[in-house]
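Understanding the architecture of this molecule
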4 protein chains.
Amino acid sequence: MLKVAILGGSGYTGCELLRLLLGHPKVEVTAVTSERLAGTPISDNFLNFRNTDLKFEPLHLETLVNAADLFFLCLPHKASQETVAFLDNAGKKVIDLSADFRLKSAETYEAWYQTPHLYSPLLKKAVYGLPEIHRKNIKDASIIANPGCYPTSAILGLAPIIGKDFVDTGPVIIDSKSGTSGAGRTPAQPFMFCEVNDSVKAYGIAIHRHTPEIEQELTGIAQKDVNIIFTPHLIPMDRGILSTMYVRLKKQTGLSDIQKLYHEFYNNEPFVRVLKDGVYPTTKAVKGSNFCDISVFMDKRNPGEATLIIVSAIDNLIKGASGASVQNMNLMYGFEETAGLLSLPPSP
Amino acid sequence: MLKVAILGGSGYTGCELLRLLLGHPKVEVTAVTSERLAGTPISDNFLNFRNTDLKFEPLHLETLVNAADLFFLCLPHKASQETVAFLDNAGKKVIDLSADFRLKSAETYEAWYQTPHLYSPLLKKAVYGLPEIHRKNIKDASIIANPGCYPTSAILGLAPIIGKDFVDTGPVIIDSKSGTSGAGRTPAQPFMFCEVNDSVKAYGIAIHRHTPEIEQELTGIAQKDVNIIFTPHLIPMDRGILSTMYVRLKKQTGLSDIQKLYHEFYNNEPFVRVLKDGVYPTTKAVKGSNFCDISVFMDKRNPGEATLIIVSAIDNLIKGASGASVQNMNLMYGFEETAGLLSLPPSP
Amino acid sequence: MLKVAILGGSGYTGCELLRLLLGHPKVEVTAVTSERLAGTPISDNFLNFRNTDLKFEPLHLETLVNAADLFFLCLPHKASQETVAFLDNAGKKVIDLSADFRLKSAETYEAWYQTPHLYSPLLKKAVYGLPEIHRKNIKDASIIANPGCYPTSAILGLAPIIGKDFVDTGPVIIDSKSGTSGAGRTPAQPFMFCEVNDSVKAYGIAIHRHTPEIEQELTGIAQKDVNIIFTPHLIPMDRGILSTMYVRLKKQTGLSDIQKLYHEFYNNEPFVRVLKDGVYPTTKAVKGSNFCDISVFMDKRNPGEATLIIVSAIDNLIKGASGASVQNMNLMYGFEETAGLLSLPPSP
Amino acid sequence: MLKVAILGGSGYTGCELLRLLLGHPKVEVTAVTSERLAGTPISDNFLNFRNTDLKFEPLHLETLVNAADLFFLCLPHKASQETVAFLDNAGKKVIDLSADFRLKSAETYEAWYQTPHLYSPLLKKAVYGLPEIHRKNIKDASIIANPGCYPTSAILGLAPIIGKDFVDTGPVIIDSKSGTSGAGRTPAQPFMFCEVNDSVKAYGIAIHRHTPEIEQELTGIAQKDVNIIFTPHLIPMDRGILSTMYVRLKKQTGLSDIQKLYHEFYNNEPFVRVLKDGVYPTTKAVKGSNFCDISVFMDKRNPGEATLIIVSAIDNLIKGASGASVQNMNLMYGFEETAGLLSLPPSP
């Protein structure tokens, strides 16, 4: 059994990650840390764990370093930097769910996160952990930068066609709708029930930190500069991200040809489902699962200016965070890629 | 007191319209019809009316025609056509909340609604009832085609800049999020609580019937052809539409200059609030009111390809339907334009 | 115009109170205070006020005392004590929405609220502001202790029969379900969207502070000791309280006779609606209104042990707080009792 | 592998049952029927099954009888009677999730369900499938009457103390709050999103059909007549039942003694968790799981009339239906009782 530890396990992502790891056939969870809740049973904080015995521990790296071979980091960005460096230095493998090692350029990181990157040499070593794009490198990685939730939904939705010659070079519009768990567990006015319930709003327009991450990856896939316009929205639901993406076409291309591209691109992917023509993804259909559902539409009323509309749906806490990190672990350790990730979610 | 009747009053829109008319200082509601509920007290069907005595009547036009001077029609599209013609012929004024007289071209109507338009000569007589755009004509109209909910949110969001020379001529992206009341009161699987709750989905991509309505009006304002890509979404909330609109700019223009255009355009409008720079509209802030909140953002990271992001929020049942129809009535009869429309909504 | 001020206006109750007072034909709001938000426009904090100009002021009693004749206090319990005393001493009238002057016994107050009552002589002067029970005294009062939300729903549901000879003397069961706004606006983990959404729980069993308040008033009405068992529950909705009450009968009495008692008791009440036999109250039907809907049922399968089941529904922020306080003001100043309280609420 | 079939698999319960059976290590699902959806892929109707290949079949008993050894019936009550009889006659085992074989008295069944019982001799053969109470009989049963959702929550909450000498003989109050999936998938006005959302109501007071079922089982456990007063409520959430139960005590008994009774009673039960003193069950903590959480409180302010307040929480679709039926199957076939039922549910 692979020994794993979760550093920073008191948030929604840490909780889901723990759930997945406890159900995984090949791993043993040896420690879960939380500074704030150290010493308290996990079951007192996460009620779905009521029949488990685990306790939160303080984050003493010197002690913990020997407890596991693989460390999942659910720490805030900036705090993650030093911890990744420490564990890497100790010869441990790390899957970092923060944003600290996702951007290849320290400069870009510093501009968007307003904090220096103190371990920029490690940026090269870190692999962006989106298996559908970087599977090969993930297998050999010792540091995984686990993708952000919005980027996962956007990149998977655009990967099969970005950079193709029929695609206009103007910015791609990504209009995303997220459940409230994406905002984390820390109490804050805007995420109180009465503020979120029965309402919808946009936020972070043109300034959301997932923007450079999406652009970096799409540029990598396209092999040419890709610009995006990214607008996240807050939806009165617990989980899920639905991204609606708009891509102008510069050359007439049939919808069925493009749908075929999608089917081929994801043909062997265990967690991406390209839906039948005309079927709409919903976040409820992927809630509780590691799946990404994608459907492709076209507005061809104006042949000269046809626009592709791609809709993708993921569970932000699973495919957008904890599930992806387990998928990465499976690849790193040669486990079945779907191990621990295929239990069917409850519905509705 | 102006005598008014509501034909087709058993839906969510009819209910809200009745509420507004009962609170209006200048009108008397003389009849509310419902074929299905004829004979039953309105208070048995709409619980917020529990202390009123009104009853639903059957829709006998010959009888009803003498009951009122102004008729609000909340009938399904197609059914509305004949009723509008009958009442117009009888010299009555009509505010039609269906789609039957919104499109100036019978051909376009027939293409999108898949039914013939049997009274196309009346299309010229009908005025599209969006006061912010057609106030002058509304005052003299005898047939008002009350705007659709999505079109109201989109047109108000785009009117100040559409057709300006700094705007690219490519299609405008309109990504709208609607509460579930927009789907009406008739029981249907997709709108059952367990289907809608805790989920979000897109629908009607590239085929939604509000598309030609939005294009017609934007083209009229721009004085040149405007194409749109329109994607509606279903949100787990009762009411509200948030539209996020993306407009590519072809000439560098400052955000503050554009915001100034918005402030000027809506300066004297009683029901459009252009929010301060950086403040986000929410549907909850306009819920229960006739207001439309608008905010304008810009993604100028790529100066050559700056994109304007406009967000508008309305209550789909009020500014998007019943409230707009009362505003139209106020204009038609020389009442204060805000009469019956200014009571502050509860919050949260 | 009566000059009124709201002290502590940054919570959900203060917001609703302000809304009602701004729509009231006989009053002028001269000040709204908030320590935390002093100096900021109210419209920045409560979005439904976006088109108003009011600002929050600091709570300087010496300055404010001259600003109004009537003061509404939406301060936390304990903080209210001193302010009520100060204003009373200055000859001002006060409607206190906190719990500080509701309990006639300082000893009981101190036992349940774990804090001394420093102005107990004023307890006699204060009138418990439930118009349906204490209308006459309210008219002459200068200090009103505005009832709690749960107590309002429970007392109105039980008043017509409590103490009657057909009622068993054992404790009355009050099982209440409340929307989340009752917990206030201050950020706290248990009221975050993801904690409340799609769930229900009980809390404060056998220890909720509204217990002695309900018992005091029911004992007063019954003219003999009444004990209750009170269980509040948290429901994933913004507003509303539904109380389901269970009263054992010791003497066989017909349901229709008891329903008649209810109809008679509330016959002239403008804000209590006793529903027809078999019709269920819902919180949505009273949302946004000052109404209390009540329905009475009986389980008579075991004639010797028949149980009355009474269901009442109110909007916790209106009839359970701000609306009741306006109703009290109307009585104190000889305004129409329903003034400012009859606008129909939006639905759904 | 045990061959099983689901008859009537197009509702929420059938969907959850299928999910659990597909994840079960010892069974193979050979058929799922739906008259309405026969021929269509299950994945088109239940989106969480998007990556499965199953299709709905028509309900031809003559064909199906050979397809499986055990049949799960998710048919409407009344329709179930004949099917159970047919399968029993053919020597097959049946777990009937309808109400048709739960009540031991055909007379009581006919009174509450307003339809004759045509196979009353089978009532004796059927075992009420609540493992915590009837485990021994379940093991040998060939017909299981799977318990109702409300009864499960109520009986488990009361079993440890019902009939004890410290309990008053008057009726037990059971106030239950249920998610909307309990109403099924068939479209109906009262369960439309806009009717349920942001509201709460009681229904079926004193006439709900689960009443005699609860009384039958509690009477069996108590070994003396038990009467209940049962009030169900509809909550704006997908799943879950929270039952708050009130039991008057006639003899002074300490809370900790009673809590000890609960701990002992459920000591070896794999799916009942008696929570620590003062900890509240929530439906969210059991959502997606087969657990029943129970907590016991006491109002002892009036020693002579102490009242026990017991709160239980289950997932109505799992422990209240499909999960219980799998637990029963496990017992009938000698599988591990928890087989297929222990995967941790997502949270939040």
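Relevant structure appears above.
Every value quoted in this text rests on a predicted model; they were computed, and no experiment measured them. (Residues numbered from 1 in each chain as written. Chains lettered and ligands numbered in written order. Predicted model: local features only at pLDDT ≥ 70, side-chain atom pairs only at ≥ 80, totals over all residues. Heavy atoms only, no water.)

**Overview of the nonpolar core**
Note the threshold: Residues enter a nonpolar core if they are buried and are Ala, Val, Leu, Ile, Met, Phe, Trp, Tyr or Cys, with the set joined through side-chain atoms within 4.5 Å. Exposure is judged per residue with a 1.4 Å probe applied to protein chains only, and the accessible area is read against the type maximum: over 50% gives exposed, under 20% gives buried, and values in between give partly exposed.
Counting residues in each nonpolar core, the largest one holds 105 residues, and the members touching the most others are Leu21, Phe72 and Met329 of chain C together with Leu21, Phe72 and Met329 of chain D. Core analysis: the second largest hydrophobic core is formed by 104 residues, Leu70 and Leu331 of chain A together with Cys15 and Ala321 of chain B among them.

**Some points on the packing of aromatic side chains**
Geometry of an aromatic ring pair is reported as the spacing of the ring centres plus the angle between the planes. Put simply, the rule reads: Aromatic rings from Phe, Tyr and Trp, taking only the six-membered ring of Trp, are treated as a pair when their centres fall within 6.5 Å; an angle between ring planes under 30 degrees marks them as stacked, one over 60 as edge-to-face, and anything in between as tilted. A run of H or I in DSSP counts as a helix once it spans at least four residues, and a run of E counts as a strand once it spans at least two, with each numbered from the N terminus. By definition, being over a ring means that NZ of Lys or CZ of Arg is both within 6 Å of the ring centre and within 35 degrees of the ring normal.
Enumeration according to the criterion identifies 26 aromatic pairs over all chains in this entry. Between the aromatic rings of Tyr150 of chain D and Phe230 of chain D, the centroid separation amounts to 5.1 Å while the plane-to-plane angle is 70°, which identifies the pairing as edge-to-face. With Tyr150 of chain D in helix H8 (residues 149-158) and Phe230 of chain D in strand E10 (residues 228-234), this residue pair connects regions lying 80 residues apart in the sequence. With a relative accessible area of 2%, Tyr150 of chain D lands in the buried category. The interplanar angle of 15° and the centroid separation of 4.8 Å between the aromatic rings of Tyr280 of chain D and Phe297 of chain D together place this pair among those described as stacked. Residue Tyr280 of chain D is located in the loop between strand E12 (272-274) and helix H12 (283-286), and its partner Phe297 of chain D is located in strand E13 (residues 292-299); the two are separated by 17 residues in the primary sequence. For the pair Tyr280 of chain D and Phe297 of chain D, a shared accessibility class is recorded, and that class is buried. The ring of Tyr333 of chain B has Lys93 of chain B lying over it, and the distance from NZ or CZ to the ring centre is 5.2 Å. Lying over the aromatic face of Phe291 of chain D, Arg273 of chain D brings its terminal NZ or CZ to 4.0 Å of the ring centre.

**Remarks on the pattern of salt bridges**
Residues and elements named next belong to chain D. The condition is simple: A pairing counts as a salt bridge when a side-chain nitrogen of Lys or Arg comes within 4 Å of a carboxyl oxygen of Asp or Glu.
The full count for this structure, using the stated rule, is 80 salt bridges over all chains. A salt bridge links Lys251 to Asp165; the shortest N-O distance between them is 3.5 Å. Separated by 86 residues along the polypeptide, Lys251 in the loop between strand E11 (241-248) and helix H11 (255-265) and Asp165 in the loop between H8 and strand E8 (172-178) bring together distant segments of the chain. Looking at Lys251, the relative accessible area reads 46%, which means it is partly exposed. Its salt-bridge partner being Asp299, residue Arg301 comes within 3.2 Å of it at the nearest N-O pair.

**Topic: the interface of chain B and chain A**
Formally: The criterion used for residue contact is that any of the two residues' heavy atoms lie within 4.5 Å. Buried area: the sum, over both parts, of the accessible surface (1.4 Å probe) that disappears when the two are put together. What qualifies as a polar contact is a pair of N or O atoms within 3.5 Å, subject to a donor-acceptor requirement within protein and to the restriction that residues adjacent in sequence count only when both atoms come from side chains. When residue character is reported, Ala, Val, Leu, Ile, Met, Phe, Trp, Tyr, Cys and Pro are called nonpolar, Asp, Glu, Lys and Arg charged, and the others, Gly included, polar.
Contacts between the two partners involve 52 residues from chain B and, on the opposite side, 52 residues from chain A. Summing both sides of the interface, chain B and chain A together bury roughly 4,300 Å²; the carbon and sulfur share of this comes to 55%. For the chain B face of the interface with chain A, the top three residues by lost area are Asp198, Arg248 and Arg301 of chain B, together amounting to 15%. One can count eight salt bridges joining chain B with chain A. The closest approach of N and O atoms between Asp168 of chain B and Arg248 of chain A, which form a salt bridge, is 3.5 Å. Taken together, the connections running from chain B to chain A amount to 33 residue pairs in polar contact (both at pLDDT 80 or more). Residues that form the side of chain B that touches chain A fall into these classes: 24 nonpolar, 14 polar and 14 charged.

**Points about the side chain of Asn146 of chain C**
Residues and elements named next belong to chain C. Locating Asn146 in the fold gives a position in the loop between strand E7 (143-145) and helix H8 (149-158). From its side chain, Asn146 meets the backbone oxygen of Ala321 in a polar contact 2.9 Å long. Non-local contacts of Asn146, meaning those with residues more than four positions away in its chain, are made with Ile95, Asp96, Leu97, Ser98, Arg102, Gly129, Ala321, Ala324, Ser325 and Asn328.

**Digging into the sheet that holds strand E4 (residues 70-73) of chain A**
Residue and element names in this part refer to chain A. Counted only if it meets this: Pairing between strands is defined by DSSP: at least two bridges between the two strands are required. Axis geometry follows a simple rule: fit a line to the C-alpha atoms, using only the stretch in contact for helices, then measure angles between N-to-C directions, giving values from 0 to 180 degrees.
A sheet is described by the order of its strands in space; here seven strands give the open sequence E3-E2-E1-E4-E5-E7-E6, paired in parallel fashion. In this open sheet, the two strands that pair with only one neighbour each are strand E3 (56-57) and strand E6 (127-128). With four bridges connecting them, strand E1 (residues 2-7) and E4 associate as parallel partners. Of the residues in E4, the one forming a bridge with Ala5 is Phe71. This element, helix H4 (residues 79-89), spans E1, E4, strand E5 (93-96) and strand E7 (143-145) of the sheet and lies at about 175° to E4.

**A few points about the interface of chain B and chain D**
For interface size, the figure often reported is the accessible area lost on association. Across the contact, 19 residues belong to chain B and 19 residues belong to chain D. For the chain B and chain D pair, buried surface summed over both sides reaches about 1,800 Å², with 56% attributable to carbon and sulfur atoms. For chain B, the biggest contributors to the area lost against chain D are Met192, Phe193 and Cys194 of chain B; these three give 38% of the whole. Counting across the chain B and chain D interface gives two salt bridges. With its nearest N and O atoms 3.9 Å apart, the salt bridge here joins Arg185 of chain B to Glu195 of chain D. At the surface where chain B touches chain D, the tally comes to six residue pairs in polar contact (both at pLDDT 80 or more). Counting residues per element, the side of chain B that touches chain D draws most heavily on helix H9 (residues 193-196) of chain B, which supplies four residues. Looking at side-chain class alone, the side of chain B that touches chain D contains ten nonpolar, six polar and three charged residues.

Keep in mind these numbers describe shape, not what the thing actually does.
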